[in-house]
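Architecture and fold: a report
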Amino acid sequence: TLTREGVPEPDRTETYSDGTSSGRVDIYEPEAESVSLGEPRTAIVYFHSGAFIAGHRSFGAGVCGFFASHGALCLSASYRLTNSGDGVAGCIQDAWAVLRWTRANAGRLNIDPSRVVVAGDSAGGLLATSLGTGLRVGAGVAASEELPAAVIGTSRRRSGREPARGQSSCSFVL
């Protein structure tokens, strides 16, 4: 398995729900020595890549392990894929559901609900950006207090000069 290669396993997996959407989330706890005891931590909700048609929350293991090693609680979230029949709208609804669930469970998770960051790769980066800009399905733009503290989105793109070698790009919205 990937754990032999150093990819971390989640500390636990839970079900998230906001009453309308639900899914699973892998939770990666920070190392004890990387956090101040008793202090609410920053949380990072990560959305996987997969062009909205493939992928799994386990894709976030490496990224979440990295964030957890630096003191953040990281949650790698599943979301409905477009082939579920709900299209990209279902993906966005699930992204909002996991953000709401994370904040609603802040006390139990020992996180600061005002310090929830969303992150993702490729399609997941678009979900993170959707949350960061307040895009909601059929409900207008979200109020500013509903928005995440920050957004981290990454994507892979091919270089025009070297078609066989990929390049990464990263964007931050604060």
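Scroll up a little and you will see the structure.
Notes on the structure in this doc start here. Nothing here was measured: the structure is a model prediction, and the numbers come from that model.

This next bit is on the pairing of strand β3 (residues 41-47). Counting buried positions along β3 yields six of seven residues, so the element is predominantly enclosed. Sheet topology note: the β3/strand β5 (residues 111-121) ladder contains six bridges and is parallel. The residue of β5 that forms the bridge with V45 is V118. Pairing between β3 and strand β4 (residues 73-77): five bridges, direction parallel.

So, on to the pattern of salt bridges. Pairing between side chains of opposite charge can happen when the charged atoms of each approach one another. Summed over the entire model, instances satisfying the criterion amount to nine salt bridges. Close ionic contact of D94 with R80 constitutes a salt bridge, the shortest N to O distance being 2.9 Å. In this pair, D94 sits in helix α2 (residues 87-104) while R80 sits in the loop between β4 and α2, placing the two residues 14 residues apart along the sequence. Classification of D94 as buried rests on a relative accessible area of 1%. What makes R80 partly exposed here is its relative accessible area of 24%.

Now for the packing of aromatic side chains. Taken as a whole and judged by the stated rule, the model has two aromatic pairs. A centroid spacing of 6.4 Å and a plane angle of 65° characterise the contact between F47 and Y79, whose relative ring orientation is edge-to-face. Of the two residues, F47 sits in strand β3 while Y79 sits in the loop between β4 and α2, which places them 32 residues apart along the sequence. Assessed through its relative accessible area of 6%, Y79 is described here as buried.

Here is what the cut-offs are and how they apply
- Residues numbered from 1 in each chain as written.
- Predicted model: local features only at pLDDT ≥ 70, side-chain atom pairs only at ≥ 80, totals over all residues.
- Heavy atoms only, no water.
- Buried < 20%, exposed > 50% of the residue type's maximum accessible area, 1.4 Å probe, protein only.
- Helix = DSSP H or I, 4+ residues; strand = E, 2+ residues; numbered from the N terminus.
- Pairing = 2+ DSSP bridges.
- Salt bridge = Lys/Arg side-chain N within 4 Å of Asp/Glu carboxyl O.
- Phe/Tyr/Trp six-rings, centres within 6.5 Å; stacked < 30°, edge-to-face > 60°.

Interpretation in functional terms is not warranted from these geometric data alone.
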